[in-house]
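Observations on the model geometry
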Amino acid sequence: MDTDDLGLFGPGSVTWKVHAEPILIVAGLRSLYLQALHPRAMAGVAQNSSYRTDAWGRLVRTATYVATTVYGTTAEAEAAGRRLRTLHARMRATDPSTGEEFRIDEPGLLRWVHVTEVESFVSTARRAGLALNDAEVDAYYTEQRRAAALVGLDPAEVPGTAAEVADYYRRIRPDLRMTREAAETALFLTAPPIPWKLSLPARLGLHLGPPRWAYLGIAGTALALLPAWARRLYGGLGLPTTALSAEMSIRALRLALAALPRRYREGPIQQAAKERAARLDSAA
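Reading the values: rules and limits
Residues numbered from 1 in each chain as written. Predicted model: local features only at pLDDT ≥ 70, side-chain atom pairs only at ≥ 80, totals over all residues. Heavy atoms only, no water. Helix = DSSP H or I, 4+ residues; strand = E, 2+ residues; numbered from the N terminus. Buried < 20%, exposed > 50% of the residue type's maximum accessible area, 1.4 Å probe, protein only. Contact = heavy atoms within 4.5 Å. Areas by Shrake-Rupley, 256 points an atom, 1.4 Å probe, with all protein chains shown as cover. Phe/Tyr/Trp six-rings, centres within 6.5 Å; stacked < 30°, edge-to-face > 60°. Lys NZ or Arg CZ within 6 Å of the ring centre and 35° of its normal. Axes fitted to C-alpha atoms, helices over the stretch in contact; angles between N-to-C directions. Parallel < 35°, antiparallel > 145°, perpendicular 65-115°, else oblique. Left-handed = near helix turned anticlockwise from the far one by under 90°. Nonpolar A, V, L, I, M, F, W, Y, C, P; charged D, E, K, R; others polar. pLDDT = per-residue confidence, 0-100. Salt bridge = Lys/Arg side-chain N within 4 Å of Asp/Glu carboxyl O.

Glancing now at the overall build of the chain. In terms of regular secondary structure, the chain is built from 16 helices and 2 strands. Out of the 284 residues in the chain, the part that is buried amounts to 43%. The contacts in the chain between residues at least 6 apart in sequence include a share of 72% that link residues at least 24 apart. Carbon and sulfur atoms form 60% of the exposed surface of the chain, whose accessible area is close to 14500 Å².

Structure follows, in structure tokens:
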């Protein structure tokens, strides 16, 4: 393995610029709220995932996968993609409307998950204050076609610009709706079990201690950052002031996260990638 390989993107990419933002933790949650509105995709998750019994473990695994595809070496990213494709290939689910059994690695479902994820990442980072011009946003979507290929998608069939993403959302909206599974998932995402190390206030009878309040604030912001049409599907969360207040909250949170020490803002995979880039730069 080339220990100085910079992976699929590298330090000059928009992808590295976007994913350097700790605020993407809110973006990830936003994407989950959005994904839940696709009944078939939601059925695939509900019938195959352990998210209710291992919510935080699943979050860590997902974050590790994304970090590996963004910051890992090319070999590491491709290996992560192979493992995910192998896992998905074994999974089946039943359509709640038709009773049809389907594979969860159908291109249409993979594309929905990919688009909602990358759109959440770049739109949240931008609204939080990251300076990105329109050309950079388009470049991010184009770069992320490489990540789409890792899960088994044809890059040519994945939206590669902001206009293509907007058109994709327009076309898929008739397929989206609030279902019981979507509502239950949204409720779970808003109030998941807090890891025991963070739940001491609850053990002392203070059931809304700081960790719970902090998470509720993040979840509320993630919901408010959804497109207006998605908030309406969630039951009228489309008040005109919602987007503005969410933007103010996300900007304040970004500033707070930026003040944290580097070891809390950057994971080991990201740090290793920056060290590789520095070695190459010094050798040039």
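The next point concerns the packing of aromatic side chains. Under the defined criterion, the tally for this structure stands at 6 aromatic pairs. Among the aromatic side chains, those forming a connected cluster through ring pairs are Trp 112, Tyr 168, Tyr 169 and Trp 229. Positioned above the aromatic ring of Phe 102, the side-chain terminus of Arg 40 is 4.1 Å from the ring centre.

Before going further, it helps to spend a moment on the packing of helix H2 (residues 24-35) against helix H6 (residues 107-127). Packing of H2 against H6 leaves a shortest axis separation of 8 Å and a crossing angle of 140°. By the angle between their axes, H2 is oblique relative to H6. Of the two possible hands of crossing, H2 and H6 adopt the one that is right-handed. Side by side, H2 and H6 meet where Leu 24, Ala 27, Gly 28, Arg 30, Ser 31, Leu 34 and Gln 35 of the first sit next to Trp 112, Val 113, Thr 116, Glu 117, Glu 119, Ser 120, Phe 121, Ser 123, Thr 124 and Ala 125 of the second. Residues belonging to the contact of H2 with H6 are distributed by class as follows: 7 nonpolar, 7 polar and 3 charged.

So, on to the confidence of the model for the chain. Summary statistics for the chain give a mean pLDDT of 89 and a share of 89% for residues scoring 70 or more. Contacts for the low-pLDDT stretch residues 196-210, under 50 throughout, to residues beyond four places or in other chains number 12 contacts.

Taken as a whole and judged by the stated rule, the model has 16 salt bridges. With its nearest N and O atoms 3.4 Å apart, the salt bridge here joins Glu 100 to Arg 40. Of this pair, Glu 100 sits in the loop between strand S1 (92-94) and strand S2 (101-103) while Arg 40 sits in helix H3 (residues 39-48), placing them 60 residues apart in sequence. Classification of Glu 100 as partly exposed rests on a relative accessible area of 40%. Salt-bridge contacts for Arg 171 lead to Asp 167; the nearest nitrogen and oxygen are separated by 3.0 Å. Here the residue Arg 171 and the residue Asp 167 both occupy positions in helix H9 (residues 162-172), the gap between them amounting to 4 residues, near one helical turn. When salt bridges with common partners are traced through the structure, they connect Arg 40, Asp 95, Glu 100 and Glu 106 into a single cluster.

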